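Tertiary structure, described
The chain contents come next:
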Amino acid sequence: MKSERSLIKKLKEHDEEAFDEVYQKYFRLVKHVAYQILPSDMIADDIVQETFFKMYQNIDSYQNDISFSAWLCTIAKNLALNEKKKRSRMVSMPEYETEDYSTTQENRFDQENLIRRIKELLGEKDYDLFILRMYYGLSYQEISDMTGETIAALTNRYHRAQKKVKRNIIL
């Protein structure tokens, strides 16, 4: 895999292989961000597609003052929040609430149950930090760039959340 700087340079040259590599590298992270705001696989997938489209359109405006993943997540978050706001003004549409059966229902139930328990235990803010750090492996700096919180505050919150999960949930 190419370095992040090399990928960004290639993206700015509109290299399709670089786009594919970035898409593969950040797809799960972007989907997580979208899904946390709009918990529907179908809608989150739409936000993911729109995020990568916007990223590709606006890659020339990317500055190296924040991490690329933080910049990409900010695009996804803003698109998801805009979509959520738009949907709150619309009548509920049941077809967007269909299940994704890509995994077995039993396995999906177990995963959703564990995620729900962790989210209830930690609360939304600490849960997001926990997932970004543990599951996606983002650095404290990248999370700080996304949230605007200090690295020290994030480190303390993460370690408290980690201990809380270990004490209360058997993984």
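Below is a short write-up of the structure. Quantities reported herein were computed from a predicted structural model and do not represent experimental measurements.

Another aspect to go through is the overall build of the protein chain. What the protein chain contains, in helices and strands, is eight helices and zero strands. Taken across its 171 residues, the protein chain has 36% of its residues classed as buried. By sequence separation, contacts in the protein chain at least 24 residues apart represent 62% of the contacts at least 6 residues apart. Surface exposure of the protein chain reaches about 10,800 Å², of which carbon and sulfur atoms provide 51%.

Right, let's get into the packing of aromatic side chains. The tally for this structure, following the rule as stated, stands at eleven aromatic pairs. Seen from their ring centres, Y62 and W71 are 5.1 Å apart, and the 55° between their planes marks the pair as tilted. Comparing Y62 with W71, the two get one shared label, buried. In textbook terms, an aromatic cluster arises when at least three aromatic residues are bridged by ring pairs, as seen for F19, Y23, F27, F52 and Y56.

Taken as a whole, this structure holds six salt bridges when the rule is applied. Of the charged contacts in the structure, one is a salt bridge between K86 and E83, with a shortest N-O distance of 3.3 Å. Pair noted here: K86 and E83 are both in helix 4 (residues 68-88), with a separation of three residues, about one helical turn. Classification of K86 by relative accessible area gives partly exposed; the value is 43%. Of the charged contacts in the structure, one is a salt bridge between R157 and E149, with a shortest N-O distance of 2.5 Å. According to the relative accessible area criterion, R157 is buried, its value standing at 11%. Sharing partners across several salt bridges, the network here consists of K31, D41 and D45.

The biggest cluster of nonpolar side chains holds 46 residues, and the ones touching the most others in it are V22, Y26, F52, M55, I59, F68 and F130. Elements represented by at least two residues in this core include exactly helix 1 (4-12), helix 2 (16-37), helix 3 (41-57), helix 4, helix 5 (105-122), helix 6 (124-135), helix 7 (140-147) and helix 8 (151-168). For F130, the residues in contact, after removing those within four places along its chain, are I118, L122, Y135, Y158, A161, Q162 and V165.

So, how was this worked out
Residues numbered from 1 in each chain as written. Predicted model: local features only at pLDDT ≥ 70, side-chain atom pairs only at ≥ 80, totals over all residues. Heavy atoms only, no water. Helix = DSSP H or I, 4+ residues; strand = E, 2+ residues; numbered from the N terminus. Buried < 20%, exposed > 50% of the residue type's maximum accessible area, 1.4 Å probe, protein only. Contact = heavy atoms within 4.5 Å. Areas by Shrake-Rupley, 256 points an atom, 1.4 Å probe, with all protein chains shown as cover. Phe/Tyr/Trp six-rings, centres within 6.5 Å; stacked < 30°, edge-to-face > 60°. Salt bridge = Lys/Arg side-chain N within 4 Å of Asp/Glu carboxyl O. Core = buried A, V, L, I, M, F, W, Y, C linked by side-chain atoms within 4.5 Å.

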